[in-house]
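Residue-level structure breakdown
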Amino acid sequence: MSDNSVIISCSSCGAKNRVPASRLEDRPVCGKCKTRLPGPSATNRPVDVTDASFQSEVLACPIPVLLDCWAPWCGPCKMVAPVLDEIAREYAGKIKVAKLNVDNNPATASRFRTQSIPTMILFKNGREIDRLVGAAPKQQIIHFIQNQL
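The rules behind each value
Residues numbered from 1 in each chain as written. Predicted model: local features only at pLDDT ≥ 70, side-chain atom pairs only at ≥ 80, totals over all residues. Heavy atoms only, no water. UniProt positions renumbered as here; feature names shortened; annotations may be inferred. Helix = DSSP H or I, 4+ residues; strand = E, 2+ residues; numbered from the N terminus. Rg over C-alpha atoms; globule rule 2.2 N^0.38 Å. Buried < 20%, exposed > 50% of the residue type's maximum accessible area, 1.4 Å probe, protein only. Pairing = 2+ DSSP bridges. Axes fitted to C-alpha atoms, helices over the stretch in contact; angles between N-to-C directions. Contact = heavy atoms within 4.5 Å. Disulfide = S-S within 2.5 Å.

As recorded in an unreviewed UniProt entry, the protein chain goes by the name Thioredoxin, listed as coming from Desulfatibacillum alkenivorans DSM 16219. For the record of the protein chain, the UniProt heading Sequence similarities (unreviewed entry) holds the text "Belongs to the thioredoxin family."

**Regarding the overall build of the protein chain**
Across its full length, the protein chain holds five helices and seven strands. Sequence-ordered secondary structure for the protein chain, helices as α and strands as β, is β-β-α-β-α-β-α-β-α-β-β-α. Rg of the C-alpha trace for the protein chain: 15 Å, near the compact-globule value of 15 Å for 149 residues, within the 12% margin. Projected onto its principal axes, the C-alpha positions of the protein chain cover 40 × 30 × 25 Å. Within the span of the protein chain, comprising 149 residues, buried residues form 44% of the whole.

**Focus on the sheet that holds strand 7 (residues 127–133)**
Strand order in this open sheet of five strands is 3-5-4-6-7, and the pairing throughout is mixed. Each end of this open sheet is capped by a strand with a single partner; those strands are strand 3 (47–49) and strand 7. The average undirected angle you get between the axes of adjacent strands in this sheet is 30°. Bridge analysis of strand 4 (residues 65–70) against strand 5 (residues 96–101) gives six bridges, and the strand direction is parallel. Pairing of Cys69 across the sheet is with Leu100, part of strand 5. Contacts between helix 3 (residues 75–90) and the sheet are confined to strand 4, strand 5 and strand 6 (119–124), with strand 5 contributing the most and set at about 155° to the helix. Contacts from helix 5 (residues 138–148) reach strand 4, strand 6 and strand 7 within the one sheet, and its direction differs from that of strand 7 by about 160°.

**Quick word on the state of the cysteines**
Per the counting criterion, the structure on display carries one disulfide. Of the cysteine sulfurs around Cys61, a residue in no disulfide, the closest is that of Cys69, at 16 Å. Of the residues examined, Cys61 reaches a relative accessible area of 6% and is grouped as buried.

As structure tokens, then:
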């Protein structure tokens, strides 16, 4: 099994499918129901996670995950969002960018002691390895990621 895999949820049955990043262009199908999985465009943008999906989307992910803890009313969070979209595209298959709305998902925000937003937490092998608190320019976020990978 390759370390460079992506987990894609089937839009039909909800099953999680591990797809090697090198095979994303091959139009993979769900292992359970055989429906075509969402294409690469769905894996190169931030994924919204909830208290319910956090375990499968973040902790069980085979590649590192950059979790953005944010809220819709937060100005600095809105400034960082397009930067994270770019990073998700540029690092597709290498890292997964996930977004957690702390207002709607207080259990996970509390579990990881998110006291200020935006907070970006980097997970690897299901464990928090570092965090960056506050809005930061793209190069600082990239440096933060690269220092830990």
